[in-house]
Amino acid sequence: MSTEVREMFSSIATKYDVTNEVLSFGIHRLWRRKAVRLSTAKEGDRVLDCASGTGDLALAFKRKVGVSGRVVGTDFCPEMLESAPAKAEKEGLQVDFQVADAMDLPFAADSFDVASISFGIRNVDDPVKCLKEMARVVRPGGHVVVLEFGQPTGAFGALFRFYSKTVMPTIGGLLTGNRAAYQYLPKTSAAFPAGDKFLELMDQSGAYAAKSAHALTFGTAYVYVGTVR
Ligand SMILES: C[S@@+](CC[C@H](N)C(=O)[O-])C[C@H]1O[C@@H](n2cnc3c(N)ncnc32)[C@H](O)[C@@H]1O
């Protein structure tokens, strides 16, 4: 499974940002800012962004923690990370990008104040193991922040399901040449635990003293925040 996921992201890596921008109408930027706010990260903090991809959330954290802070972005797909250092340099931001699996992080316990993962946890083989591993590298009292798609309900939900099942694969396919990757996205989002169900996964990890779920854009996405034991 993880090899297939890595190959899929490798195949869309160079077109990932532009496709993201088009398909989300730029809203992903607001969601990332909200995730940074909810993390309570502050100037000087050490932040690890897992499954960082092209680095957008890592860059958002670096803007927050400033020059005295440290941000590391990791991903198990080197091709996804390829454009991230140049994006950071263009903005004059110092972020360290490394290849690493979010379920087996090459960092000592308690190395970070915050660990994050955006639109990544849905793709890992074992989300509970990942939540546990992210908590391991964060100091007690620090935060793990997860940004992930949800399943909006009502009229907006119906519109979103139509959009994600028809428009997304068509536009995503045209822009990246990999229609299947943009069929995978709505399919996995529809099946992945959202809201209270995701909080149950956090409980199962046994790693969090407190947890909360914050719905974004009528539940299209959620930010989950866990306080590490
Ligand atoms: C949809 S992209 C999200 C990228 C980025 N976080 C963002 O918000 O745009 C999912 C990313 O998760 C990465 N990924 C999936 N499973 C992973 C794992 N087990 N360890 C590290 N990265 C993983 C993929 O390589 C891909 O870059």
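Quick notes on the rules
Residues numbered from 1 in each chain as written. Predicted model: local features only at pLDDT ≥ 70, side-chain atom pairs only at ≥ 80, totals over all residues. Heavy atoms only, no water. Helix = DSSP H or I, 4+ residues; strand = E, 2+ residues; numbered from the N terminus. Rg over C-alpha atoms; globule rule 2.2 N^0.38 Å. Buried < 20%, exposed > 50% of the residue type's maximum accessible area, 1.4 Å probe, protein only. Contact = heavy atoms within 4.5 Å. Areas by Shrake-Rupley, 256 points an atom, 1.4 Å probe, with all protein chains shown as cover. Lys, Arg positive; Asp, Glu negative; His and termini not counted. Charge placed at Lys NZ, Arg CZ, Asp CG, Glu CD. UniProt positions renumbered as here; feature names shortened; annotations may be inferred. Polar contact = N/O pair within 3.5 Å; in protein donor to acceptor, adjacent residues only side chain to side chain.

K.L.:
Looking at this model, I keep getting lost on the overall build of the protein chain. Mind explaining?
P.N.:
The helix and strand tally for the protein chain stands at 10 helices and seven strands. For the protein chain, the C-alpha radius of gyration of 16 Å lies close to 17 Å, the compact-globule estimate for 229 residues. Across its three principal axes, the protein chain shows a C-alpha extent of roughly 45 × 40 × 30 Å. For the protein chain, the residues scored as buried account for 55% of the 229 residues in total. By sequence separation, contacts in the protein chain at least 24 residues apart represent 71% of the contacts at least 6 residues apart. Just so you have it, the protein chain exposes about 10500 Å², and 56% of that area is on carbon and sulfur atoms. Separation between the mean location of the 27 positive side-chain charges and that of the 25 negative ones in the protein chain comes to 6 Å.

K.L.:
Just to check I follow, could you spell out the UniProt feature "binding site: S-adenosyl-L-methionine" (unreviewed entry) in the protein chain for this structure?
P.N.:
With numbering aligned to this structure, UniProt lists the feature "binding site: S-adenosyl-L-methionine" (unreviewed entry) at Thr54, Asp75, Asp101, Ala102 and Ser118. Tracing the chain through its elements places Thr54 in the loop between strand E1 (46-50) and helix H4 (56-65). Ignoring sequence-local partners within four residues, the contact set of Thr54 consists of Ala13, Tyr16, Asp17, Met80, Ser83, Ala84 and Lys87. Side-chain polar atoms of Thr54 contact the side chain of Asp17, separated by 2.6 Å. By the element assignment, Ala102 lies in the loop between strand E3 (96-99) and strand E4 (112-118). On the basis of relative accessibility, which here comes to 8%, the residue Ala102 falls in the buried class. Contacts of Ala102, omitting those with residues within four sequence positions, involve Cys50, Ile117, Cys130 and Glu133.

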